[in-house]
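Residues per chain are reported as follows:
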Amino acid sequence: MTIAPVRSTDSRSTDSQTLIADSTHQLLAEADGADHQRRQELLDEVILLNAPVARSIASRYRRKGVDSDDLEQVAYLGLVKAANGYRPDASTAFLSYAVPTIRGELKRYFRDCAWVVRPPRRVQEMQGSIAAAEPELTQQLGHLPTDEETAEALGTDAGEVAEAASVRGCFNTLSLDAPAAADNGARLVDSVADAEEGYELVENVHTLAPAVSDLDDRDRQILALRFCGGLTQEEIGNELGVSQMQVSRLLRNILDRLRSQLAQEVH
């Protein structure tokens, strides 16, 4: 009996990648000459077939303060753009085109959308350069590089490196449930002052008082029953001896007059 040799995991993985690459090429070639609807169906297949690549690239950007699901969505968007922008007659393989496209989309997302506090553009770009250079410098030096060592490697000033490094926390925020101090168990939210609604109430009353004073007694009574007493339109109608529809119309006219008068006072 002949026993077939056991194929290594790496060999099976390579065969799978080759199969995906061949299938992708065939789908893209067919899509190139198809009508709009058929082309979109074929491109959808390309996207599904290569979705693991997008997820793998997105995973390299984790632990930077952005939710993993958001990163994957951005990576999928880059894959969609790559599938729509790739031309089968190009000399490069699809993944050689798609991987930089996906990375570019992720970097653009961090640059444009992921900042909680947005620093100047030059600081953002320097922070990206530092993040790219730091792993290699750490391996070469055997320790985390100082600002001076990083600046020398990047050909810039240590002060700019220090400024850019200071924005690393701008991708995420500290939860208000985090401890305010290590010894008393208080939370940060406990140190935040509550909103004082009384000031806004005084301002609103002061603004509305002149306009309301111009209303007749019945209109003021309707406002009081609705907004001070909390009565429904039907209950107000029972109180005044009119229908709910009449109350609705009266209330709408009153509010329109108040808005108009307040608008005139503003201008």
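Quantities reported herein were computed from a predicted structural model and do not represent experimental measurements. (Residues numbered from 1 in each chain as written. Predicted model: local features only at pLDDT ≥ 70, side-chain atom pairs only at ≥ 80, totals over all residues. Heavy atoms only, no water.)

**Brief notes about the environment of Gln-17**
With respect to the helices and strands, the residue Gln-17 is situated in helix H1 (residues 9–32). Spatially, the C-alpha atom of Gln-17 lies 9.9 Å from that of Asn-50, the residues being 33 residues apart in sequence. (Helix = DSSP H or I, 4+ residues; strand = E, 2+ residues; numbered from the N terminus.)

**Observations regarding the confidence of the model for the protein chain**
Counting all residues, the mean pLDDT for the protein chain is 77, and 72% of those residues have values of 70 or more. Predicted confidence in the protein chain is weakest over helix H8 (residues 197–213), with a mean pLDDT of 65, and strongest over helix H2 (residues 36–59), with 92. For residues 1–6, every residue scores under 50 in pLDDT, and the model assigns this stretch zero contacts once sequence neighbours within four places are set aside. (pLDDT = per-residue confidence, 0-100. Contact = heavy atoms within 4.5 Å.)

**A few points about the nonpolar core**
Within the largest apolar cluster, 25 residues are counted, with the highest numbers of intra-cluster contacts made by Leu-71, Phe-94, Ile-102 and Leu-106. Those elements giving two or more residues to this core turn out to be H1, H2, helix H3 (68–85) and helix H4 (94–112). In terms of residue count, H2 provides more of this core than any other element does, seven residues in total. Once you skip the residues sitting within four places of it in the chain, Leu-71 turns out to touch Ala-58, Tyr-61, Arg-62, Val-66, Leu-106 and Phe-110. Counting seven residues, the second-largest nonpolar core is a separate cluster that includes Leu-215, Ile-222, Leu-251 and Leu-258. (Core = buried A, V, L, I, M, F, W, Y, C linked by side-chain atoms within 4.5 Å. Buried < 20%, exposed > 50% of the residue type's maximum accessible area, 1.4 Å probe, protein only.)

**Thoughts on the packing of aromatic side chains**
Counted under the stated rule, the structure contains two aromatic pairs. Seen in terms of ring centroids, Tyr-86 and Phe-94 are 5.5 Å apart; in terms of plane orientation they differ by 85°. Their pairing is edge-to-face. A centroid spacing of 5.8 Å and a plane angle of 50° characterise the contact between Tyr-86 and Tyr-97, whose relative ring orientation is tilted. Here Tyr-97 lies in helix H4 and Tyr-86 lies in the loop between H3 and H4, a separation of 11 residues in the sequence. Clustering of aromatic rings is evident, with ring pairs tying together Tyr-86, Phe-94 and Tyr-97. Here Arg-226 stacks its cationic end above the ring of Phe-227, 5.9 Å away from the centre of that ring. (Phe/Tyr/Trp six-rings, centres within 6.5 Å; stacked < 30°, edge-to-face > 60°. Lys NZ or Arg CZ within 6 Å of the ring centre and 35° of its normal.)

**Points about the packing of helix H9 (residues 217–228) against helix H10 (residues 233–240)**
It is the contact of H9 with H10, at a shortest axis distance of 10 Å, that shows an interaxial angle of 140°. The angle between H9 and H10 falls in the class oblique. Pair H9 / H10 crosses with right-handed handedness. Contacts between H9 and H10 involve Gln-221, Ile-222, Leu-225 and Arg-226 on the former and, on the latter, Ile-236, Glu-239 and Leu-240. Looking at the contact of H9 with H10 residue by residue, the class counts come to four nonpolar, one polar and two charged. (Axes fitted to C-alpha atoms, helices over the stretch in contact; angles between N-to-C directions. Parallel < 35°, antiparallel > 145°, perpendicular 65-115°, else oblique. Left-handed = near helix turned anticlockwise from the far one by under 90°. Nonpolar A, V, L, I, M, F, W, Y, C, P; charged D, E, K, R; others polar.)

**Focus on the pattern of salt bridges**
For the structure shown, the criterion picks out six salt bridges. Between Glu-41 and Arg-38 there is a salt bridge; the shortest N-O distance is 3.3 Å. On the criterion of helical spacing, the pair formed by Glu-41 and Arg-38 is a turn pair, its members being three residues apart in helix H2. You can call Arg-38 partly exposed: its relative accessible area is 32%. Where Asp-217 meets Arg-220, a salt bridge forms, and the shortest distance between an N and an O atom there is 2.6 Å. Taken together, the residues Asp-217 and Arg-220, both in helix H9 and three residues apart, mark about one turn of the helix. What makes Asp-217 exposed here is its relative accessible area of 58%. The partly exposed category is assigned to Arg-220, whose relative accessible area is 30%. (Salt bridge = Lys/Arg side-chain N within 4 Å of Asp/Glu carboxyl O.)

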